[in-house]
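# A closer look at the structure
Chain residues, written in single-letter form:
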Amino acid sequence: MTTSLTATPPRPPVPAPARKRSRLPLLTLPATVWVLAVFAVPTMILLASSVLTYDGAKVTTHLTLEHYTDLFGDSYFRSVLWDTIWTSVVVGLACTAMGLLVAHFLVRSRSRLRTLVLLIVVSPLVSSVVVRTYGWLVLLQDDGLLNKILLWAGVTDAPVAFIGTWFAVIVGLVHVLLPFAVFTAMSSVQGVDPALERASRDLGAGPVRTFFRITLPLIRPGLISGFMLTFAISLGAFATAAVLGGGRVQTLATLVRYRVVVSLEWGQAAAVAVVILVVSAITVSALLWAGNQSRKGI
Amino acid sequence: MTMRFRPWILLRSVLLALVMLFIAVPMVVVVWTSIQPDTYPAFPPSGLSLRWWDSALTREWLLPMALSAQVALASALCALVMGTAAAYALSRGRGRGRGALEGFLATPLLLPEIVISLGVVQLISMLSARGLIGSPLLVVTHTVIGIPFVLRTVGVSLLGVNPLWERAARDLGATPLRAFTSVTLPLMRSGMFAGALFAFIMSFNNVELSLFLTTRDANTLPIQLLQYMEYEYSPTLACVAVTSVLGICAIAGIASRFTHLTEFIHGGTK
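Residues numbered from 1 in each chain as written. Chains lettered and ligands numbered in written order. Predicted model: local features only at pLDDT ≥ 70, side-chain atom pairs only at ≥ 80, totals over all residues. Heavy atoms only, no water.

Next up on the list: the environment of Val120 of chain B. Note on placement: Val120 of chain B falls in helix H5 (residues 113-126). Considering only alpha carbons, one finds Val120 of chain B and Phe22 of chain B, 98 residues apart in sequence, at a separation of 36 Å. Those residues within four positions of Val120 of chain B in sequence are excluded, and the remaining contacts are Val38 and Pro42 of chain A together with Leu137, Thr141 and Leu213 of chain B. (Helix = DSSP H or I, 4+ residues; strand = E, 2+ residues; numbered from the N terminus. Contact = heavy atoms within 4.5 Å.)

See below:
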């Protein structure tokens, strides 16, 4: 492999002497069919079954909107919907801010601690959400380490009940989603030419001003997609809410599980799932659109 | 000049240290819980003990662990084969549908997995085939989130491969298959290992996608852990968790001998 060969651009036009019809696209067929069968078709079925009546767990062919009217007529469901949305917004914002802080350090710093920081950021990915949630359970429960430390240090006289609060759920979700936010923020910070930041500094702006006037506007699309990703995942996240919510916190995801496993209301479960799907699909497309717009504005 | 910026740099370092602590502490706590004697770990610590490990390494936990490993291996292999084929075709194709197809194959990652899980169960009951619920169905479903990872990592590898090299091999008399296996395949190998590893980990640790697809007899490890945690608290779970993390670390360690994982970390998780 000579240097002259590797130096050629990645995708030069390949001359096709014998213009035989290429069979290459056939190679995408297995993956496409698989995703259609296991993702697209079930999603369609879910949409359909949320507007059909049920006979036990069996779907009938009668069209109805009663699952949705029941849901939105129920003030309990409306409060769960609202709680899930604001929690996901808080989680998304916290992840984006913390992710940017870490990503900026990882990309720009020449500190020897860089490798250590990267290792810490990647480390949660080897464990499942459940394992990390367990760690928070040990920390946050009434007899947990945090309360023991608080009592030992004399900060409180009685244990603080963290489990079963939105605070615990938000902390757990941010912990789970932070690595994703760091990686998306890293790729956008990498896209900023350090010369622009240097120029701003040379012209007399301080580091804070340079960051807010130069770096931040340039990485806004990346931050938006990071927020979009973490918001959408936390909207349907189940494990953290189920465990750290201690049965007292209800999100859309725990509601779906309750309807399927406990109360066996399949139509209602499908309707709640469709609500999750629609809210996340709207967010994803709205923010993708916003990302494109702000990219055009530069 | 440096004096002027001290407060800003100090603030940033303190915040960064706090975030690092936030990330690391729960993991450290899990490890600590597994090797200390108290049901509720004491502070200040009261000593070391391996008493919780007796009940962790039993059939009750080893069976789900084995099932998770089988499902993860099988779905990673399925995702590897289909993802690699698709990535190769997409990198060579010049069709207009390319971006759309890439987007379509990645959508399962963007939409909530619990919705996919419920959809699959609905489909199964509609076909009156609830008997299918178990490991084969888990493999089939997990493959869907493995494919985008393989597609991405193999795609990254293929960026460095000039299609002309394969043509050169053809011109020198190699059959198309031989040209592919002796020129392109070795260059894709790193991406294939990385993609298969990510797909394996995603499946092994998966909760939401498996939520409605396991049974009492065929429970994956994360789901069984979750079911226990919801109703009771025991340090035994810490031992099980540590075992599973060590398993993943061992596999990642072996895989990293064949691939530069850091190269794919941004692309692989996005």
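Moving on to the packing of aromatic side chains. Within this structure, the stated rule accounts for 13 aromatic pairs over all chains. Aromatic side chains Trp136 of chain A and Phe22 of chain B sit 5.4 Å apart centroid to centroid with 45° between the ring planes, which places their arrangement in the tilted category. Taken together, the positions of Trp136 of chain A in helix H6 (residues 129-140) and Phe22 of chain B in helix H1 (residues 2-34) put the pair across two chains. On the basis of relative accessible area, Trp136 of chain A is assigned to the buried category, the value being 8%. For Phe22 of chain B, a relative accessible area of 18% puts it in the buried group. Aromatic side chains Phe227 of chain A and Phe231 of chain A sit 5.9 Å apart centroid to centroid with 25° between the ring planes, which places their arrangement in the stacked category. (Phe/Tyr/Trp six-rings, centres within 6.5 Å; stacked < 30°, edge-to-face > 60°. Buried < 20%, exposed > 50% of the residue type's maximum accessible area, 1.4 Å probe, protein only.)

Between H6 of chain A and helix H9 (residues 221-231) of chain B, the least distance of the axes is 9 Å, while the angle of their chain directions is 25°. With respect to H9 of chain B, the element H6 of chain A is oriented roughly parallel. In this structure, H6 of chain A crosses over H9 of chain B, and the sense of that crossing is left-handed. Mapping the contact onto sequence places Val130, Val131, Thr133 and Tyr134 of chain A in H6 of chain A and Pro222, Leu225, Leu226 and Met229 of chain B in H9 of chain B. Grouping the amino acids of the contact of H6 of chain A with H9 of chain B by side-chain chemistry returns seven nonpolar, one polar and no charged. (Axes fitted to C-alpha atoms, helices over the stretch in contact; angles between N-to-C directions. Parallel < 35°, antiparallel > 145°, perpendicular 65-115°, else oblique. Left-handed = near helix turned anticlockwise from the far one by under 90°. Nonpolar A, V, L, I, M, F, W, Y, C, P; charged D, E, K, R; others polar.)

Moving on, we come to empty space enclosed by the protein. All names here are of chain A. Taken as a whole, this structure holds two cavities of 30 Å³ or more when the rule is applied. Of the voids in this model, the largest cavity is the one considered here, and its volume is about 70 Å³. Of all the secondary structure elements, the ones that give two or more residues to the lining of the largest cavity are helix H4 (75-108), helix H8 (166-190), helix H10 (207-235) and helix H11 (239-244). Here the residues of the lining of the largest cavity sort into six nonpolar, six polar and no charged. (1 Å grid on protein atoms, 1.4 Å probe; cavity = no way out; pocket = protein on both sides within 12 Å on 5 of 7 lines; lining within 4 Å. Points joined across faces, edges and corners; volume = space filled by probe spheres on them.)

Looking now at the interface of chain A and chain B. The partner chain B presents 91 residues to the 99 residues of chain A that form the contact. Scanning the region where chain A abuts chain B turns up one salt bridge. A salt bridge links Arg257 of chain A to Glu230 of chain B; the nearest nitrogen and oxygen atoms lie 2.8 Å apart. Between chain A and chain B we count nine residue pairs in polar contact (both at pLDDT 80 or more) in total. Here the residues of the side of chain A that touches chain B sort into 74 nonpolar, 18 polar and seven charged. (Salt bridge = Lys/Arg side-chain N within 4 Å of Asp/Glu carboxyl O. Polar contact = N/O pair within 3.5 Å; in protein donor to acceptor, adjacent residues only side chain to side chain.)

With that settled, consider the side chain of His175 of chain A. Its location among the elements puts His175 of chain A in helix H8. Owing to a relative accessible area of 2%, His175 of chain A belongs among the buried residues under this scheme. The contact partners of His175 of chain A, leaving out residues within four places of it in the chain, are Arg132 and Trp136 of chain A together with Phe22, Ile23 and Pro26 of chain B.

On to the nonpolar core, then. One finds Val102 and Val256 of chain A together with Ile114 and Leu118 of chain B to be the most contacted residues of the largest nonpolar core, which totals 171 residues. No other element matches the 16 residues that H8 of chain A contributes to this core. Those residues within four positions of Val102 of chain A in sequence are excluded, and the remaining contacts are Val117, Val121 and Val182 of chain A together with Leu16, Val19 and Met20 of chain B. Core analysis: the next-biggest nonpolar cluster, separate from the first, contains six residues, Val189, Val192, Phe211 and Leu223 of chain A among them. (Core = buried A, V, L, I, M, F, W, Y, C linked by side-chain atoms within 4.5 Å.)

Looking now at the environment of Ala85 of chain B. Note on placement: Ala85 of chain B falls in helix H3 (residues 59-92). Here the alpha-carbon distance between Ala85 of chain B and Gly134 of chain B, two residues 49 residues apart in the chain, equals 27 Å.

Turning next to the confidence of the model for chain A. All names here are of chain A. On average, residues of chain A score 85 in pLDDT, and 89% of them reach the 70 mark or higher. When mean pLDDT is taken per element in chain A, H4 scores highest with 94 and helix H1 (residues 3-6) scores lowest with 41. Overall, residues 1-9 carries pLDDT values under 50, and its contacts beyond four positions in sequence, including any with other chains, amount to seven contacts. (pLDDT = per-residue confidence, 0-100.)

The subject of this paragraph is helix H5 (residues 114-122) of chain A. Along an α-helix, a turn takes 3.6 residues, which lines up residues three or four apart on a common side. All names here are of chain A. For H5, the full list of buried residues reads Val117, Ile120 and Val121. Considered in projection along H5, the buried side chains sweep an arc of 100° and stay on one side of the axis. Exposed residues pointing more than 90 degrees away from the buried face of H5 are listed as Thr115 and Leu119. (Arc of directions from axis to C-beta.)

Next up on the list: the pattern of salt bridges. All names here are of chain A. Inspection of the entire model under this criterion finds three salt bridges over all chains. Glu197 serves as the salt-bridge partner of Arg108, at 2.9 Å between the closest nitrogen and oxygen. One end of the pair, Arg108, is in helix H4; the other, Glu197, is in helix H9 (residues 194-202), with 89 residues separating them in the sequence. Since its relative accessible area comes to 10%, Glu197 is described here as buried. The shortest N-O distance in the salt bridge between Arg259 and Glu265 comes to 3.7 Å. A relative accessible area of 10% places Arg259 in the buried class. The exposure class assigned to Glu265 is partly exposed, which follows from its relative accessible area of 31%.

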